[in-house]
Amino acid sequence: MLAIKSPNGYFQQPGLCARTGSYLQPFAADIRIFTSPTAWQAVNPQLSQSLEQHGIRWQLEYLAGECTQQAIETLQQNIVAQGAGLLLAIGGGRVMDAAKAAGAQLPAVKVVNMPTLAATCAAWSPVSIIYDAQGGHLRSQLLPAMPEMVLVDSEVIARSDVRYLKAGMVDALAKLFEFRPYQRNNPDNLSLQLKMLPARQALDIFTEYADQAIADNQAGKVTPALIKVIEANIVFAGLSNSVRDTLATPGFAHAIHNRLTHQPELHHWLHGEKVGFCLLIQSLMENNGKADSGLLALLQRYDSPLRLPNLAGERAEVIRAIAGAVRFPPQSAAMLPFDISPAALEKAFTLADTLF
């Protein structure tokens with residue numbers, strides 16, 4: 001069975017923070033806002049003034065760490081205790097993933113995502129990534145419902161560190177390079193074709209507009225190029241990740257990423273930066289020890305790290321342990337046209353050490 005999920009509305013405008021109240025007023029007069037101190041500062045005073053102008057009451061809650069099961073349960077309890085009719089999540093992927101997971105347990109509560117970064121497709125994607133308190137990946141939780149709306153203020157994104165935009169482009173590119181190998185053995189599968197269409201569109205946008213968008217982000221300017229790249233990072237990547245059927249096609253680079261989140265030495269890498277390195281590892285495995293030249297050029301263009309940093313302990317032993325701890329569904333592995341055994345992974349990690 002094929003399923004395609006999407007939010008009921010996506011709105012992206014410069015200065016949208018000052019109009020947020022008009023979007024939320026039809027749904028609830030009493031809302032809970034889930035955010036981080038940095039993100040809350042990025043959208044104010046315009047957002048809070050807009051809520052006040054539309055008679056919307058709110059209570060504020062900060063995410064004090066990772067998107068953990070405890071954080072999700074606490075947020076859920078606080079929403080119920082407040083009697084809020086809507087949950088507004090403002091921030092990055094951790095904030096929105098926790099909000100989506102909490103809202104999924106409260107069908108009467110609308111969830112609205114307002115990303116302050118274009119670093120992932122978390123605002124759109126029907127998945128919440130659950131971590132432990134140290135930032136290690138525990139599970140990827142499929143959600144039964146999507147957010148009511150995604151609200152994007154292009155001016156807020158334009159003021160963010162350009163590193164996040166670059167990481168978001170790499171994370172969006174991952175959909176193309178992760179889903180494409182499955183097509184070799186399943187060329188007529190409709191879900192794969194639908195996954196690939198927005199992924200290819202994202203690459204086309206980056207090819208034409210990425211350099212200008214990066215320059216505009218660095219200058220803090222909202223331009224057509226930056227708007228298109230924000231849309232690619234959030235919407236096209238989110239669409240690609242929102243197509244589901246009985247053929248399980250999880251991204252292999254993301255599976256490697258999930259293991260790398262348990263390495264303290266990599267906690268300063270953004271999600272998309274880890275994914276970029278993992279795309280290199282996948283490419284080395286897929287192409288008999290040679291990285292895809294097109295992929296490599298893109299990773300270098302967007303400043304993706306291409307070599308693991310210094311690791312605590314004997315490097316070869318740590319790499320062997322990482323390779324042995326990567327988990328991937330056997331039925332999905334059987335559909336990939338290359339070996340993903342621990343030995344093959346270890347060989348690719350070791351080879352990557354010699355390339356740069």
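Conventions we followed
- Residues numbered from 1 in each chain as written.
- Predicted model: local features only at pLDDT ≥ 70, side-chain atom pairs only at ≥ 80, totals over all residues.
- Heavy atoms only, no water.
- Salt bridge = Lys/Arg side-chain N within 4 Å of Asp/Glu carboxyl O.
- Helix = DSSP H or I, 4+ residues; strand = E, 2+ residues; numbered from the N terminus.
- Buried < 20%, exposed > 50% of the residue type's maximum accessible area, 1.4 Å probe, protein only.
- Contact = heavy atoms within 4.5 Å.
- Axes fitted to C-alpha atoms, helices over the stretch in contact; angles between N-to-C directions.
- Parallel < 35°, antiparallel > 145°, perpendicular 65-115°, else oblique.
- Left-handed = near helix turned anticlockwise from the far one by under 90°.
- Nonpolar A, V, L, I, M, F, W, Y, C, P; charged D, E, K, R; others polar.
- Expected span 1.5 Å × (residues − 1).
- Pairing = 2+ DSSP bridges.
- UniProt positions renumbered as here; feature names shortened; annotations may be inferred.
- Core = buried A, V, L, I, M, F, W, Y, C linked by side-chain atoms within 4.5 Å.

- Looking at an unreviewed UniProt entry, one finds the chain named Iron-containing alcohol dehydrogenase family protein, with Tatumella punctata as its source organism.

## Here's the deal with the pattern of salt bridges
Next up, step 1: Tallied over the full model, the rule gives 12 salt bridges.
Next up, step 2: Between aspartate 353 and arginine 307 there is a salt bridge, and its shortest N-O distance comes to 3.7 Å. Taken together, the residues span a long stretch of sequence, with aspartate 353 in helix α15 (residues 342-355) and arginine 307 in the loop between α12 (293-301) and α13 (315-325) at a distance of 46 residues.
Next up, step 3: Looking at arginine 307, the relative accessible area reads 34%, which means it is partly exposed.
Next up, step 4: Among the salt bridges present, the one from aspartate 353 reaches arginine 315, with a minimum N-O distance of 2.6 Å. Placement of aspartate 353 in helix α15 and of arginine 315 in helix α13 is noted, with a sequence separation of 38 residues between them.

## A word on the environment of glutamine 76
Next up, step 1: Residue placement: glutamine 76 occurs in helix α4 (residues 69-82).
Next up, step 2: When the C-alpha atoms of glutamine 76 and leucine 270 are compared, they prove to be 27 Å apart, with 194 residues separating the residues in sequence.

## As for the environment of glutamine 263
Next up, step 1: In this structure, glutamine 263 sits in the loop between α10 (252-260) and α11 (271-286).
Next up, step 2: A C-alpha to C-alpha distance of 38 Å links glutamine 263 and serine 48, two positions 215 residues apart in sequence.
Next up, step 3: Ignoring sequence-local partners within four residues, the contact set of glutamine 263 consists of Leu311, Val318 and Ile322.

## Considerations on the packing of helix α8 (residues 190-219) against helix α9 (residues 224-240)
Two packed helices can be described by the angle between their axes and the distance between those axes.
Next up, step 1: For the pair α8 and α9, interaxial distance at closest approach is 7 Å and the crossing angle is 155°. In terms of orientation, α8 and α9 fall into the roughly antiparallel class. As for how α8 packs across α9, the hand of that crossing is left-handed.
Next up, step 2: The residue inventory of the contact of α8 with α9, partitioned by class, reads 14 nonpolar, 5 polar and 3 charged.

## Description of unusual backbone geometry
Next up, step 1: Of note, the amide linkage connecting asparagine 44 to proline 45 takes the cis form, showing an omega dihedral of 15°.
Next up, step 2: Here proline 45 shows up in the loop between α2 (37-43) and α3 (46-53).
Next up, step 3: Phi is positive for asparagine 288, which is not a glycine, with a value near 55°.
Next up, step 4: As for its position among the elements, asparagine 288 is in the loop between α11 and α12.
Next up, step 5: For asparagine 288, a relative accessible area of 76% translates into the label exposed.
Next up, step 6: Unusually for a residue other than glycine, aspartate 303 sits at a positive phi of about 60°.
Next up, step 7: Checked against the element boundaries, aspartate 303 lands in the loop between α12 and α13.

## Overview of α15
One turn of the α-helix equals 3.6 residues, which is why residues spaced by three or four share an orientation.
Next up, step 1: An ideal rise of 1.5 Å per residue puts 20 Å on 14 residues; α15 measures up with 20 Å between its terminal C-alpha atoms.
Next up, step 2: Among the residues of α15, those classed as buried are Ala344, Leu345, Glu346, Ala348, Phe349, Ala352 and Asp353.
Next up, step 3: In this structure, the buried residues of α15 make contact with α10, α11 and α13.

## Structural notes on the sheet that holds strand β4 (residues 57-62)
Next up, step 1: Strand order in the open sheet formed by 6 strands is β2-β9-β6-β5-β3-β4, and the pairing between neighbours is parallel. Edge positions in the sheet fall to β2 (9-13) and β4, since each has one partner strand and no second. Within this sheet the neighbouring strands show an average axis-to-axis angle of 20°, counted without direction.
Next up, step 2: The pairing of strand β3 (residues 30-35) with strand β5 (residues 86-91) spans 4 bridges and is classified as parallel. Following the sheet pairing, arginine 32 is matched in β5 by leucine 87.

## Some words on the UniProt feature "domain: Alcohol dehydrogenase iron-type/glycerol dehydrogenase GldA" (unreviewed entry) in the chain
Next up, step 1: When the UniProt feature table is mapped onto this chain, "domain: Alcohol dehydrogenase iron-type/glycerol dehydrogenase GldA" (unreviewed entry) is found at residues 7-153.
Next up, step 2: Summarising residues 7-153: 31% helix, 31% strand, and an end-to-end C-alpha distance of 17 Å.

## What about the nonpolar core?
Next up, step 1: Phe206, Phe252, Ile281, Met285, Tyr302, Leu345 and Phe349 are the most contacted members of the largest nonpolar core, which totals 97 residues.
Next up, step 2: Of all the elements, helix α7 (residues 162-183) adds the most residues to this core, at 11 residues.
Next up, step 3: When residues no more than four places from it in sequence are discounted, the contact partners of methionine 285 are Phe252, Phe338, Asp339, Ile340, Ala344, Leu345 and Ala348.

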